[in-house]
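Structural features, examined
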Amino acid sequence: MCEGIHYYKREKEPTIKILSKYLKTDDREALEETYREVALKVRPEKPYPTFQGTQTILDQYAKRFPKAKTMRPEEFVDLSFVKKLDDEGFFERLYKK
């Protein structure tokens, strides 16, 4: 996943081609904006899951599954995998390429 994010951020033209295929559009302006906003601004290089994002998902589930109202993001989020990669310098090596 981390290498996929790296590719997405660093390989603009192939990424735009992929976006075009899956978004089913050839509108270059829309594809450029999508790339700029998502690949460059929204998607972090280090994909740490967030408690806020997990809470948003729990809030959505709570509409159908009341038990989700009592659950906390900390019960679901495990930062250890990305942290290990980060601590080992994986991201620094990846983005130096």
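Summary of the structure given here. Predicted, not measured: the structure shown is a model, and the values here were computed from it. Going along each chain's sequence as written, the residues are numbered from 1 onward. Local features in this predicted model are restricted to residues whose pLDDT is 70 or higher, and side-chain atom pairs enter the listing and the counts only when it is 80 or higher, whereas totals over whole chains, interfaces and linings include all residues. Working from all heavy atoms in the structure, the side-chain values ignore hydrogens and water.

**Digging into the pattern of salt bridges**
For clarity, the threshold we go by: Basic side-chain nitrogens of Lys or Arg form a salt bridge, by our definition, when they fall within 4 Å of a carboxyl oxygen of Asp or Glu. Only DSSP runs of H or I covering at least 4 residues are called helices, and only runs of E covering at least 2 are called strands; the numbering of each starts at the N terminus.
As enumerated under the stated definition, the model contains eight salt bridges in all. Of the charged contacts in the structure, one is a salt bridge between Arg 28 and Glu 32, with a shortest N-O distance of 2.8 Å. Residue Arg 28 and its partner Glu 32 are located together in helix α3 (residues 28-42), separated by four residues, close to a single helical turn.

**Section: unusual backbone geometry**
The criterion, for reference: Remark: exposure states derive from per-residue accessible area (1.4 Å probe, protein chains only) relative to the maximum for the residue type, with buried under 20%, exposed over 50%, and partly exposed in between.
One non-glycine residue with positive phi stands out, namely Lys 24, at about 55 degrees. Looking at the secondary structure, you find Lys 24 in the loop between α2 (12-23) and α3. Since its relative accessible area comes to 75%, Lys 24 is described here as exposed.

**Notes on the packing of aromatic side chains**
The line we're drawing: Two aromatic rings from Phe, Tyr or Trp, using only the six-membered ring of Trp, form a pair when their centres are within 6.5 Å; if the ring planes differ by under 30 degrees the pair is stacked, by over 60 it is edge-to-face, and anything between is tilted.
Tallied over the full model, the rule gives three aromatic pairs. Geometrically, the ring pair formed by Tyr 61 and Phe 65 is tilted, given 6.1 Å between the ring centres and 45 degrees between the ring planes. Taking relative accessible area as the criterion, Tyr 61 reaches 46% and is therefore assigned partly exposed.

**Quick word on the packing of helix α1 (residues 2-10) against α2**
The following threshold applies: A fitted line through C-alpha atoms serves as each axis, taken over the contacting stretch for helices, and the angle formed by two N-to-C directions is quoted from 0 to 180°. Each angle is binned into one of four classes, with values under 35 degrees roughly parallel, values over 145 roughly antiparallel, values of 65 to 115 roughly perpendicular, and all other values oblique. Residues are treated as being in contact if the distance between any of their heavy atoms lies within 4.5 Å. Throughout this entry, Asp, Glu, Lys and Arg are counted as charged residues, while Ala, Val, Leu, Ile, Met, Phe, Trp, Tyr, Cys and Pro are counted as nonpolar. The remaining residues, Gly among them, count as polar.
Direction vectors running N to C along α1 and α2 enclose 100 degrees, while the axes themselves pass 6 Å from each other. By the criterion of interaxial angle, the relationship of α1 to α2 is roughly perpendicular. Of the residues in α2, those touching α1 at Tyr 7, Tyr 8 and Arg 10 are Lys 12, Pro 14, Thr 15, Ile 18 and Leu 19. By residue class, the composition of the contact of α1 with α2 is five nonpolar, one polar and two charged.

On their own, these measurements won't tell you what the molecule is for.
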